[in-house]
Amino acid sequence: MPLRTPDEYMESLRDGREVWFRGERVDDVTTHPVISKAARHAQIDFHMAEDPDYRELAVVEEDGKTFSRFFKIPRTAEDLMMRSRLIEAATTLGDTLVVLIKEIGTDALFALHAVTAELEGPYFQRVQAFYEHCRDNDLALSVAQTDAKGDRTKRPSDQEDPDLYLRVVERRPDGVVVRGMKLHTSCTTNVNEVIVLPTRAMGETEGDWAIAFAVPANTPGLKMLASPYGDRETRPDENPITHNHKMMETLTIFDDVFVPNDRIFLDGDTQAAGRLALTFVEYHRFTAVSYKMPLIDAINGAAAVISDYNGILGAGHVREKFVWLITYTETVRALLEKAAERCIPKPNGQVAPDPMTINIAKSTFAHGYHMAVQHLQELAGGILVTGPGDEDWASEELRPFLSKYLVGRKGVDADRRMRAMRFIGDLTAGEYGPYQEVLAIHAEGSFEAEKLQIFRAYNENGRARDVMKLFSGMAGI
Ligand SMILES: Cc1cc2nc3c(=O)[nH]c(=O)nc-3n(C[C@H](O)[C@H](O)[C@H](O)COP(=O)(O)OP(=O)(O)OC[C@H]3O[C@@H](n4cnc5c(N)ncnc54)[C@H](O)[C@@H]3O)c2cc1C
């Protein structure tokens, strides 16, 4: 099976899947005015595989097969770095927005391989078969991990309603029936398969919640409530990013969905559920930091260009902000590369990014993002939210005033300056700005989740013991 074309991918989404938008059932996600934008954005993945400029990065040959690099199981630090470069390149083509129709799904597939390789029973073979199905058919995948959770301090079995974490409600000889709602699932409206993972470690008696599986997006009982966030009308010049790019999240309801045996990758093993949740996160935080790089690089570039256009490049406070921005982005980049270089061995001959380093990278990115946006907005000026619209520029009566007064330093005309402003406005001040800010805090795990991982990994990799020994030696105790 060759790689799919962008059109074949679009065609595959017309399969009767149950998608809802603002209370109405969506007939066809590829023609819906909001959701189709997310599907077109995702086509970047398939365009890259066809584009001679990207083919070498986007496509690999292994054991006589040709497939998307996303499906290449990482066995070396170099494999991780090439994957990272591909994610960066795709996100750059998305004008700072990640594509994510293979990135997150393959993170889950790598984690499933690593965890099930050590389990007894049919799980590893099932994972392998599913992986080959996805790889050989060039499928788009989403991952539903985050549960509704109810009272955050209570375990799944202690919740007032046991369905607040997705669980098995019926076992049959040929499979299981699951019920629950997963939250914030990215790209679900425009993928072929939905992979479901447990979101946390389970207690000994919580076997019904220790379930991992995958189902096609059009499976009966699977309902996707597409988020209305960011559905406002956009204009090509006024909204240079969001007019062309969008990612769609859903509340993903499993209303007694039947999962056949061959699609069940974990069932009842409470120990393995926790390991699976964590292993997925090890891979996914590396993916996340990879797709944050074009975003923060764009902020840096925008800060430099708009400072130049505003004629303030030489000012002391501007240089101070540049130094902060450079230190921020290059710290995150160095940590990303170091996480690949320090990769750790996993079962199945795989490697995973070093958990401590990648969590420090993600945490550094997340804690600095709002400050980076603040610096850029400060350098740009208030016109980010008061500037003219496309119709004003088109007006023969108004344009002479705009061209006369909205210029920058000598040599920077109003049109050039305002094109830069509109990009920065779309990036930081429209609906996309807050979207990226919430993403920075919560997506791919919240601040606290990262802290937990940093602490745990520092202990597990022996660094805690080493520094205590070092100190004890110095202090003679
Ligand atoms: C745009 C976007 C896209 C996303 N895409 C995906 C996706 O594709 N797939 C997926 O599975 N998930 C996805 N996520 C979910 C993301 O991983 C979660 O948002 C994140 O894990 C936080 O979970 P939550 O949103 O339920 O917040 P909560 O967990 O409710 O966090 C709210 C607050 O409660 C605190 N808290 C939580 N539990 C406890 C506790 N036990 N004790 C004390 N404090 C606690 C947190 O630290 C935080 O301060 C996405 C999120 C966003 C915003």
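Up top is the structure these notes are about.
Residues numbered from 1 in each chain as written. Predicted model: local features only at pLDDT ≥ 70, side-chain atom pairs only at ≥ 80, totals over all residues. Heavy atoms only, no water.

What to know about the overall build of the protein chain
Just so we agree on the cut-off: Helical segments are the DSSP runs of H or I of at least four residues, strand segments are the runs of E of at least two, and each set is numbered from the N terminus. Radius of gyration: C-alpha atoms only; globule rule: 2.2 Å multiplied by the number of residues to the exponent 0.38. Note on exposure labels: buried denotes an accessible area under 20% of the residue type's maximum, exposed denotes more than 50%, and partly exposed covers the range between, all computed with a 1.4 Å probe on protein chains only. Residue contacts are counted whenever heavy atoms from the two residues lie within 4.5 Å of one another. For every accessible area listed, the method is Shrake-Rupley and the probe measures 1.4 Å; residues are considered covered only by the protein chains on display.
Summing up its helical and strand segments, the protein chain has 17 helices and 14 strands in all. Relative to the 2.2 N^0.38 estimate, which gives 23 Å for 477 residues, the radius of gyration of the protein chain is 24 Å and therefore close to what a compact globule would have. Across its three principal directions, the C-alpha atoms of the protein chain cover 75 × 75 × 55 Å. Each of the 477 residues in the protein chain was classed as buried or not, and the buried ones make up 55%. Expressed as a percentage of contacts within the protein chain between residues at least 6 apart in sequence, the contacts between residues at least 24 apart total 76%. As displayed, the protein chain has an accessible area near 20,700 Å², and 53% of this comes from carbon and sulfur atoms.

Focus: the pattern of salt bridges
Cut-off, in case you're wondering: We count a salt bridge whenever a side-chain nitrogen from Lys or Arg sits within 4 Å of a carboxyl oxygen from Asp or Glu.
Applying the stated criterion across every chain, the model contains 36 salt bridges. Of the charged contacts, one joins Glu206 and Arg155 as a salt bridge, the two residues approaching to 2.9 Å between their closest N and O atoms. Of the two residues, Glu206 sits in the loop between strand E8 (193-196) and strand E9 (211-216) while Arg155 sits in the loop between strand E5 (141-144) and strand E6 (167-172), which places them 51 residues apart along the sequence. Overall, the relative accessible area of 0% leaves Glu206 in the buried class.

Examining the packing of helix H5 (residues 77-93) against helix H6 (residues 103-116)
Just so we agree on the cut-off: Orientation is described by lines fitted to C-alpha atoms, with helices fitted over the stretch in contact, and by angles between N-to-C directions that extend from 0 to 180 degrees. The labels follow the angle: roughly parallel below 35 degrees, roughly antiparallel above 145, roughly perpendicular from 65 to 115, and oblique for the rest. Residues are grouped as follows: nonpolar covers Ala, Val, Leu, Ile, Met, Phe, Trp, Tyr, Cys and Pro; charged covers Asp, Glu, Lys and Arg; every other residue, Gly included, is treated as polar.
Orientation of H5 relative to H6, taken along the N-to-C sense of each, is 160°, at an axis distance of 12 Å. If you check the angle between H5 and H6, you find them roughly antiparallel. Of the residues in H6, those in contact with Arg83, Ile87 and Ala90 of H5 are Glu103, Thr106, Asp107 and Phe110. Looking at the contact of H5 with H6 residue by residue, the class counts come to three nonpolar, one polar and three charged.

Looking at the environment of Asn192
Filter applied, for reference: Polar contact criterion, stated in full: a pair of N or O atoms within 3.5 Å, where within protein one must be able to donate a hydrogen and the other to accept it, and residues adjacent in sequence count only if both atoms are side-chain atoms.
With respect to the helices, strands and loops of the structure, Asn192 is situated in the loop between strand E7 (175-186) and E8. Given a relative accessible area of 10%, Asn192 falls into the buried group. In the structure, Asn192 is positioned 54 residues away from Asp138 in sequence and 9.7 Å away in space, judged by C-alpha atoms. Filtering out sequence-adjacent residues up to four positions away, Asn192 remains in contact with Arg4, Ser12, Leu13, Arg17, Leu139, Ala140, Val215, Pro216 and Ala217. A polar contact is formed between the side chain of Asn192 and the side chain of Ser12, at a distance of 2.9 Å.

Brief notes about the packing of helix H8 (residues 270-309) against helix H14 (residues 414-428)
In a packed pair of helices, the relevant descriptors are the angle between the two axes and the axis-to-axis distance. Basically, it comes down to this: Crossings are assigned a handedness: left-handed for a near helix turned anticlockwise from the far helix by less than a right angle, right-handed for a clockwise turn.
As a packed pair, H8 and H14 sit with axes 10 Å apart at the nearest point and diverge in direction by 145°. Remark: the crossing between H8 and H14 carries left-handed chirality. Across the interface between the two elements, Leu295, Ile299, Ala302, Ile306 and Tyr309 from H8 touch Arg416, Arg417, Ala420, Met421, Ile424 and Leu427 from H14. Here the contact of H8 with H14 is built from residues that sort into nine nonpolar, no polar and two charged.

Some details on the packing of aromatic side chains
The description of an aromatic ring pair uses the distance of the two centres, along with the angle that the planes make with each other. Heads up, the condition is: Any two rings among Phe, Tyr and Trp, with Trp reduced to its six-membered ring, count as a pair given centres within 6.5 Å; such a pair is stacked if its planes are under 30 degrees apart, edge-to-face if over 60, and tilted if neither.
Inspection of the entire model under this criterion finds eight aromatic pairs. A centroid spacing of 4.7 Å and a plane angle of 25° characterise the contact between Tyr9 and Phe46, whose relative ring orientation is stacked. Of this pair, Tyr9 sits in helix H1 (residues 6-12) while Phe46 is found in helix H3 (residues 44-50), placing the two residues 37 residues apart along the sequence. Taking relative accessible area as the criterion, Tyr9 reaches 0% and is therefore assigned buried. Of the residues examined, Phe46 reaches a relative accessible area of 1% and is grouped as buried.

Structural notes on the state of the cysteines
How we decide: Two cysteine sulfurs form what is called a disulfide whenever their separation falls within 2.5 Å.
All told, the structure shown has zero disulfides when counted by the stated rule. There is no disulfide at Cys187, and the cysteine sulfur nearest it, in Cys134, is 15 Å away.

Digging into the sheet that holds E9
Put simply, the test is: Paired strands are those between which DSSP finds at least two bridges.
If you trace the four strands from one edge of the open sheet to the other, you get E5-E8-E9-E12, paired in mixed fashion. Lying at the two open borders of the sheet, with one neighbouring strand each, are E5 and strand E12 (264-267). Across this sheet, the average inter-strand angle for adjacent strands is 20°, counted without regard to direction. Here E9 runs beside E12; their pairing, made up of three bridges, is antiparallel. The residue bridging Ala212 from the neighbouring strand is Leu266, located in E12. This element, H6, spans E5, E8, E9 and E12 of the sheet and lies at about 65° to E5.

A short note on the sheet that holds strand E11 (residues 249-260)
Strands in a sheet are paired, the pairing made by backbone hydrogen bonds, and the direction either parallel or antiparallel. As summarised here, the arrangement of the six strands in space is E2-E1-E10-E11-E7-E6, forming an open sheet in which the pairing is mixed. Of all the strands in the sheet, the pair left with one neighbour each is strand E2 (24-26) and E6. Sheet twist, expressed as the mean angle between neighbouring strand axes with direction ignored, is 20°. Note: E7 against E11, nine bridges, orientation antiparallel.

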